[in-house]
Every structure is written in C-alpha cells, then in structure tokens.
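# Residue-level structure breakdown
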Amino acid sequence: MDILVGYASAHGSTREIAVHMAARLNEAGLKAEARAVETVDDADAYRAFVLGSAVHEQTWLEPAKAFLRDNPDVLGDRPVWIFSVGMPGALRGPWKRLGAKEIPVIVRSLPGTLSYRDHRLFSGVVAPAHLPFAGRLLFRLMGGRSGDHRDWAAIDAWTDEIVLRLADG
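Residues numbered from 1 in each chain as written. Predicted model: local features only at pLDDT ≥ 70, side-chain atom pairs only at ≥ 80, totals over all residues. Heavy atoms only, no water.

## Some words on the overall build of the chain
- Counting its secondary structure elements, the chain contains six helices and eight strands.
- Along the chain, helices (α) and strands (β) appear in the sequence β-α-β-β-β-α-α-β-α-β-β-α-β-α when read from the amino end.
- Relative to a compact globule of 169 residues, whose C-alpha radius of gyration would be 15 Å, the chain shows 16 Å and is just as compact.
- Its C-alpha atoms put the chain at 45 × 30 × 25 Å along the principal axes.
- Taking all 169 residues of the chain together, the buried fraction comes to 46%.
- Restricting to contacts in the chain with at least 6 residues of sequence separation, those with at least 24 account for 77%.
- A total of about 8700 Å² of accessible surface is found on the chain, and carbon and sulfur atoms cover 53% of it.
- Charge separation in the chain, taken as the distance between the mean sites of 20 positive and 21 negative side-chain charges, equals 9 Å. (Helix = DSSP H or I, 4+ residues; strand = E, 2+ residues; numbered from the N terminus. Rg over C-alpha atoms; globule rule 2.2 N^0.38 Å. Buried < 20%, exposed > 50% of the residue type's maximum accessible area, 1.4 Å probe, protein only. Contact = heavy atoms within 4.5 Å. Areas by Shrake-Rupley, 256 points an atom, 1.4 Å probe, with all protein chains shown as cover. Lys, Arg positive; Asp, Glu negative; His and termini not counted. Charge placed at Lys NZ, Arg CZ, Asp CG, Glu CD.)

Below you can see the structure in the form of structure tokens.
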C-alpha cells in the first residue's frame, strides 16, 4: 500500500472515518488502506500518511501518540495529514465556539515535532455511554446533543484535497 490512513479509535467513529477516507482515496486511483496504528509493523512501507485519533480530554489517544513517537524519521520524510475526531458538532450555543479553540491544544499535545500538511477536527458520534457519569452531566449542562455528528461532506472534501496534493507531488 502507498498511503496509510492510520487511526486510533475509542468507540469506532474514528475507525469508520478512516475506512471511508481510504475508500475515497482508492476510488481516486490511489492505493490506500485504513489500519489501527497499533497494528502497523512497518511504517516505512508507506509513501504518505493520513493519521487520526479520537480526542479525549483535548489530546489524541495513546496508541496514536505512540505511533508518532515511534516513527519520527519516516514521518519526517513523507507527506503527512492529521485529523482529530471530537465532539464540537454536539455542542450548542456559546459552547459551540470551543471546538475551534480546541485545535491548537490538540496539536500542542502531539509528541515530537511532527511536520504535517494540514490538520482537521471532525465531529464524531457521541453517545451517553461513551462518557463517564460526571462527563454526561457536564455534557448535558453545556447543552450537548448525543448522536452522529459526522459531516461526511466535509470529510470527503478534505480527502479530495489530499488526493490533489498527492497528485501534485
């Protein structure tokens, strides 16, 4: 495979986004595969990376951060795009603005000095069972809405941008 769409997923939403992106890259004539980052044995086998993680407490999950720590030389030599999956689409009112403010916090929490072409924060699926009791209470007090908040059109548009950038070299 030429392109790894690597992911770390807590409840499956990030995995589903990665699988969708890999399928779209393949439909565009590229060779891509979606894999959980902890199952990647040889990062050097890929010429480009689209890496994503669910976001918990404004940081990527540990398997995704470990992949970055374990592969700085490979990632430093190749094109890399990163995406995060959180809950900005589930928030309403004044809380909705917090999503954009979370992006720099997420990026600062990534280990090392990863050079990447672009980062996107997508909304995922938020279910009450995904949150601890205190988290559910806070989420409700903030006006949060459970459900599938993924914006597939935005995900497709970003994937198409990646296709164009890879075509340009």
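## A word on the nonpolar core
- Phe49, Leu51, Trp60, Phe67 and Leu75 are the most contacted members of the largest nonpolar core, which has 23 residues in total.
- Listing elements by their share of this core, those giving two or more residues are strand 1 (3-8), strand 3 (48-56), helix 2 (62-70), helix 3 (72-77) and strand 5 (80-86).
- When residues of this core are assigned to their parent elements, the largest contribution, four residues, is made by strand 3.
- One finds Ala32, Val50, Val85 and Ile162 within the second-largest nonpolar core, a separate group that totals 22 residues. (Core = buried A, V, L, I, M, F, W, Y, C linked by side-chain atoms within 4.5 Å.)

## Observations concerning unusual backbone geometry
- For Glu57, which is not glycine, the phi dihedral falls at a positive 55°.
- As for its placement among the helices and strands, Glu57 is situated in the loop between strand 3 and strand 4 (59-60).
- Positive phi values are uncommon outside glycine, yet Gln58 reaches one of about 65°.
- Checked against the element boundaries, Gln58 lands in the loop between strand 3 and strand 4.

## Focus: the pattern of salt bridges
- One pass over the full model with this rule turns up 10 salt bridges.
- Salt-bridge contacts for Arg24 lead to Asp156; the nearest nitrogen and oxygen are separated by 3.5 Å. With a gap of 132 residues between them, Arg24 in helix 1 (residues 13-27) and Asp156 in helix 6 (residues 152-168) connect regions that are remote in the sequence.
- Judged by relative accessible area, Arg24 falls into the partly exposed class, the value being 25%.
- Residue Asp156 is classed as buried on the basis of its relative accessible area, which comes to 17%.
- Through salt bridges with shared partners, a single ionic network connects Glu16, Asp148 and Arg150. (Salt bridge = Lys/Arg side-chain N within 4 Å of Asp/Glu carboxyl O.)

## Describing the side chain of Ser13
- Turning to its location among the elements, Ser13 is positioned in helix 1.
- Of the polar contacts made by the side chain of Ser13, one reaches the backbone nitrogen of Val125; its length is 3.2 Å.
- Excluding anything up to four places from it in sequence, Ser13 contacts Val85, Gly124, Val125 and Arg150. (Polar contact = N/O pair within 3.5 Å; in protein donor to acceptor, adjacent residues only side chain to side chain.)

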